[in-house]
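So you can see what is in the structure, the chains are spelled out below.
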Amino acid sequence: MANYISDDKKKVTTHHLLEMKKQGEKISMLTSYDYTTATIVDQTGMDVILVGDSASNVMAGNATTLPITVDEMIVYGRAVARAAKRALVVIDMPFGSYQADPYDGVQAAVRMIKETGADALKLEGGEEFADVIRRIINAGIPVMGHLGLMPQSIHKYGTYGVRAKDDSEAEKLVRDAHLLEEAGCFALVLEKIPAALAARVAGELSIPVIGIGAGNGVDGQVLVVTDMLGMNDGFSPKFLRRYADLHSVMTEAISRYVHDVKTKDFPNEKEQY
Ligand code: KIV
């Protein structure tokens, strides 16, 4: 199938994503957190770049996504937005920036868009956060929802295991998905839920549903860039396909550099002024 965005220089918009769903064209989405990586990702024809709060883990080295702040997300988001000439840039609102008070949520949302130049925001949660999501959308900011495994609620779940395996959680997820569509979300991420449930949600909703660990019956896929490039040796959940082994490539290259410095091989005559 032809790429819906025929002119590669044309910026992807939320409207394009909706059209892609209608045309049956799958949506590609990948995280990035820095200018150099986002430049490469953007040049591949990626539809959406997510500045995920997974930055808390993979960039800042925290055990969870909870510690990352609005200020930190703005630094990552600004770098990625500068790099993305084509992809739609979505930034995660971090834990604590919208949960306490809808007014604070709108303030943080406006700041994140104003100070980064990103196109949209992503918020975790369903019914409980429909009010703040509506208000952010009313302020003119497109919002992507996020249901299923919601890492910002890790202490509530106590596990990163598959969500919505039982009927009552699955039914709540379906209700929440409809509610987010009604609230005006332009797309929805479903993380780590049974493939059949994700396919049902994608079939019932008219907005694009993008999965991570949610099977192939959804409208698009998202992965964390450092995971799919194999930079993190110890993380290999079932849903992850590794497209490279950068951990080995980088370890080998950097070890050679250490060796060359120690043995006085680097720099040689041609590498000096
Ligand atoms: O923070 C993130 O990277 C995400 C994706 C896993 C969807 O939310």
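Structure: see above.
Since this is a predicted model, take the numbers as computed values, not measurements.

About the criteria used
Residues numbered from 1 in each chain as written. Predicted model: local features only at pLDDT ≥ 70, side-chain atom pairs only at ≥ 80, totals over all residues. Heavy atoms only, no water. Buried < 20%, exposed > 50% of the residue type's maximum accessible area, 1.4 Å probe, protein only. Helix = DSSP H or I, 4+ residues; strand = E, 2+ residues; numbered from the N terminus. Right-handed = clockwise from strand over helix to strand, strands pointing away. Pairing = 2+ DSSP bridges. Arc of directions from axis to C-beta. Contact = heavy atoms within 4.5 Å. Polar contact = N/O pair within 3.5 Å; in protein donor to acceptor, adjacent residues only side chain to side chain. Near = heavy atom within 4 Å. Areas by Shrake-Rupley, 256 points an atom, 1.4 Å probe, with all protein chains shown as cover. Nonpolar A, V, L, I, M, F, W, Y, C, P; charged D, E, K, R; others polar.

**Here we look at the pairing of strand β5 (residues 143-148)**
If a strand is regular, its side chains alternate between the two faces of the sheet.
So, point 1. For β5, a buried count of 6 out of 6 residues is recorded, marking the element as mostly surrounded by other parts of the structure.
So, point 2. Burial along β5 is two-sided: V143, G145 and L147 and M144, H146 and G148, pointing in opposite directions, are all buried.
So, point 3. Once you follow strand β4 (residues 120-124) into helix α6 (residues 130-138) and on to β5, the crossover reads as right-handed.
So, point 4. Inspection of the sheet shows β5 paired to strand β6 (residues 187-191) by 5 bridges, in the parallel sense. Within β6, the position partnered with H146 by the bridge is V189.

**Focus: helix α2 (residues 35-43)**
So, point 1. Along α2, the residues that are buried comprise A38, V41 and D42. Taken around the axis of α2, the buried residues stretch over an arc of 100 degrees, which confines them to a single face. Along α2, the residues that are exposed and aim more than 90 degrees away from the buried face are T36, I40 and Q43.
So, point 2. Residues of α2 that are buried in the fold lie against β1 (27-31), β2 (48-51) and α4 (70-83).
So, point 3. Where α2 starts, the residue carrying a side-chain oxygen 3.1 Å from the main-chain nitrogen of T36 turns out to be D34.
So, point 4. One or two residues past the end of α2 sits G45, with phi positive at roughly 95 degrees.

**Let's talk about the site of the ligand**
So, point 1. Close to the ligand lie T31, L50, G52, D53, S54, D92, K122, H146, I212 and V224.
So, point 2. Within the contact set of the ligand, an oxygen atom lies 2.5 Å away from a side-chain nitrogen or oxygen of S54.
So, point 3. Within the side chain of D92, a nitrogen or oxygen atom sits 3.1 Å from an oxygen atom of the ligand.
So, point 4. Summarising the interface, the protein chains cover 95% of the accessible area of the ligand, which totals 260 Å² for the free molecule.
So, point 5. In the shell around the ligand, the residues fall into 3 nonpolar, 4 polar and 3 charged.

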